[in-house]
Amino acid sequence: TLSSIRDPHVLTEAQTILAALCYLAESGVPTQWFKSRNYLPSQKAFKVLQDSSIIDQSNDGRITSIHRLLAHALRESWREEEREQACESAATLLGSVDINRLPSDDSDARFQETRNLIEHLRAFGAQDCFHCLEDYRHIMNALCQAFDHARDLGLVPEVFALKELVDTLRKQVGDSREILSLLAKLAYAHMYMGK
């Protein structure tokens, strides 16, 4: 399937898409996330993966997904170097999500985008792939966005589920300024939840 892709650039992009999908929520990733300025695979890579039935898109094209068994098989078949690249791809995708690109008066779209980000951060954290990351800034950026927008949109109970992810990140990074900022946001969530 992927071996039939002759263009090395398209092959790399296809592998990047697959890698991100393998480490995020099984429900599928908003297709728009793949079109971010910071994470822009070609439409050719998408088409090759779709035509090969490796990825699927919802009828309206808004969600891109991979079958969970295929995702599991890929994760199990990767060498350590491939696993590290896959984790970086997923982290980069999460870090490229920009909720502020949505109009400030479109609270429904911002609500859904924030909920999606929380869901995918939780799924990423459950994969136990933090040891593979060299750069934690993408995940920290995504967590900051999730906490900030959750507070503004009334999603604090949902974002509270990211506590374990923040704790794991703190163990990896230590008490940097960014981690202390995340802990302050988490403290607000605790307070909001009456804990």
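Conventions used here
Residues numbered from 1 in each chain as written. Predicted model: local features only at pLDDT ≥ 70, side-chain atom pairs only at ≥ 80, totals over all residues. Heavy atoms only, no water. Patch = residues over 30% accessible without salt bridge, like charges linked within 9 Å, V, L, I, M, F, W, Y side chains within 5 Å. Areas by Shrake-Rupley, 256 points an atom, 1.4 Å probe, with all protein chains shown as cover. Salt bridge = Lys/Arg side-chain N within 4 Å of Asp/Glu carboxyl O. Helix = DSSP H or I, 4+ residues; strand = E, 2+ residues; numbered from the N terminus. Buried < 20%, exposed > 50% of the residue type's maximum accessible area, 1.4 Å probe, protein only. Axes fitted to C-alpha atoms, helices over the stretch in contact; angles between N-to-C directions. Parallel < 35°, antiparallel > 145°, perpendicular 65-115°, else oblique. Left-handed = near helix turned anticlockwise from the far one by under 90°. Contact = heavy atoms within 4.5 Å. Nonpolar A, V, L, I, M, F, W, Y, C, P; charged D, E, K, R; others polar. Core = buried A, V, L, I, M, F, W, Y, C linked by side-chain atoms within 4.5 Å.

Novice: Explain a nonpolar patch on the surface residue by residue, including any values.
Specialist: Residues Tyr188, Met191, Tyr192 and Met193 make up a contiguous nonpolar surface patch of about 410 Å² in total accessible area. Residue position: Tyr188 is located in helix α9 (residues 177–192). The partly exposed category is assigned to Tyr188, whose relative accessible area is 33%.

Novice: I'd love a proper account of the packing of helix α4 (residues 80–96) against helix α5 (residues 107–126), names of residues and values included.
Specialist: Relative orientation and spacing of two packed helices are given, respectively, by the angle between their axes and the distance between those axes. Packing of α4 against α5 leaves a shortest axis separation of 11 Å and a crossing angle of 160°. Put simply, α4 runs roughly antiparallel to α5. Classified by chirality, the crossing of α5 by α4 is left-handed. Contacts from Cys87, Ala90, Ala91 and Leu94 of α4 reach α5 at Leu117, His120, Leu121 and Phe124. Per-class residue counts for the contact of α4 with α5 are seven nonpolar, one polar and no charged.

Novice: Can you break down the nonpolar core residue by residue, with the values?
Specialist: Nonpolar side chains tend to gather and get buried jointly when the protein is soluble and globular. Grouped together as the largest cluster of nonpolar side chains are 56 residues, with contacts concentrated most on Leu121, Phe124, Ile139 and Leu143. Those elements that provide at least two residues to this core are α1 (8–22), α2 (43–51), α4, α5, α6 (137–153), α8 (163–173) and α9. Examining the composition of this core, we find that eight residues originate from one element, α1, more than from any other. Excluding its chain neighbours within four sequence positions, the residues that come into contact with Ile139 are Ala91, Leu94, Leu121, Phe124, Phe130, Leu133 and Leu169.

Novice: Let's hear about the pattern of salt bridges: which residues, and what values?
Specialist: On inspection of all chains with the given rule, the structure shows 12 salt bridges. Within this structure, Asp148, Arg151, Asp152 and Lys185 form a network of salt bridges that share partners.

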